Amino acid sequence: QVQLVESGGGSVQAGGSLRLSCVTSGFTYSSGCLGWFRQAPGKEREGVAVVTNVNTLVYTDSVKGRFTISRDSTKNTLYLQMNNLKPEDSAMYYCAASTGCGARWYDQLARAQYKYWGQGTQVTVSS
């Protein structure tokens, strides 16, 4: 079965950087999408970044130019490099996997597309 385990969260000042990792097992990259989502207290879970089965990269507008999603097939690991962090980036971050990818960017960033989820890693950015 598919398992996802996140790590790399922490506390950082505004303008700093963090790199999140997600070790995957039981998942074939060619079968679907891998993505990062985040959820702040009182808010809905939001799609942040996605890499598709054909290596298309998708980002929500608020992180474009600051975050980079990537994957390393030799290590079965998904990454999210986060630079120039802002207080509004503070949230619990989750990695997720889908069986198949939507054709449109807004489908690829939608929670309903993903069946498998990690446990989350906390990111806190102070001003």
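Look up a bit, the structure's there.
Small disclaimer: the values here were computed from a predicted structure and weren't measured.

> Sorry, what's going on with the overall build of the protein chain here?
A tally of regular secondary structure across the protein chain gives one helix and 11 strands. N-terminal to C-terminal, the α/β element order of the protein chain is β-β-β-β-β-β-β-β-β-α-β-β. Relative to the globule expectation of 14 Å for 127 residues, the C-alpha radius of gyration of the protein chain, 13 Å, shows essentially globular dimensions. Viewed in the frame of its principal axes, the protein chain has a C-alpha envelope of about 40 × 30 × 25 Å. Residues counted as buried form 44% of the 127 residues belonging to the protein chain. Per element, the accessible surface of the protein chain, about 6500 Å² overall, is 46% carbon and sulfur.

> It is not clear to me how the sheet that holds strand E3 (residues 18-25) should be interpreted in this structure. Could you clarify?
Note on sheets: strands pair through backbone hydrogen bonds, and any given pair is parallel or antiparallel. The antiparallel open sheet is built from four strands, whose spatial order is E1-E3-E8-E7. A single partner strand is all that each edge strand has here, and the edge strands are strand E1 (3-7) and strand E7 (67-72). Adjacent strand axes in the sheet meet at a mean angle of 15° when their direction is disregarded. Both E3 and strand E8 (residues 77-82) contribute to a ladder of six bridges, which runs antiparallel. Among the inter-strand pairings, Ser21 is bridged to a residue of E8, identified as Tyr79.

> Explanation requested: the pairing of E1 in the structure shown.
Side chains of E1 alternate between two faces, with Leu4 and Glu6 buried and Gln3, Val5 and Ser7 left unburied. Where E1 and E3 come together, five bridges link them in antiparallel fashion. The partner of Leu4 across the bridge, within E3, is Thr24.

Cut-off values and rules
In this numbering scheme, every chain counts its residues from 1 along its sequence in written order. Owing to the predicted nature of the model, reporting of local features is limited to residues with pLDDT of at least 70; listing and counting of side-chain atom pairs is limited to 80 or more, with chain, interface and lining totals taken over all residues. Working from all heavy atoms in the structure, the side-chain values ignore hydrogens and water. Helix numbering and strand numbering both begin at the N terminus, where a helix is a DSSP run of H or I of at least 4 residues and a strand a DSSP run of E of at least 2. For a compact globule the rule gives 2.2 Å times the number of residues to the power 0.38, and the radius of gyration it is set against comes from C-alpha atoms. Summary of the burial criterion: residues with accessible area below 20% of their type's maximum are buried, those above 50% are exposed, and those between are partly exposed, where the area comes from a 1.4 Å probe applied to protein chains only. In these tables, accessible area is a Shrake-Rupley quantity obtained with a 1.4 Å probe, and a residue counts as shielded only by the protein chains included in the view. Between any two strands, pairing holds if DSSP finds at least two bridges. To obtain an axis, a line is fitted to C-alpha atoms, over the contacting stretch when the element is a helix, and the angle between two such axes runs from 0 to 180 degrees between their N-to-C directions.

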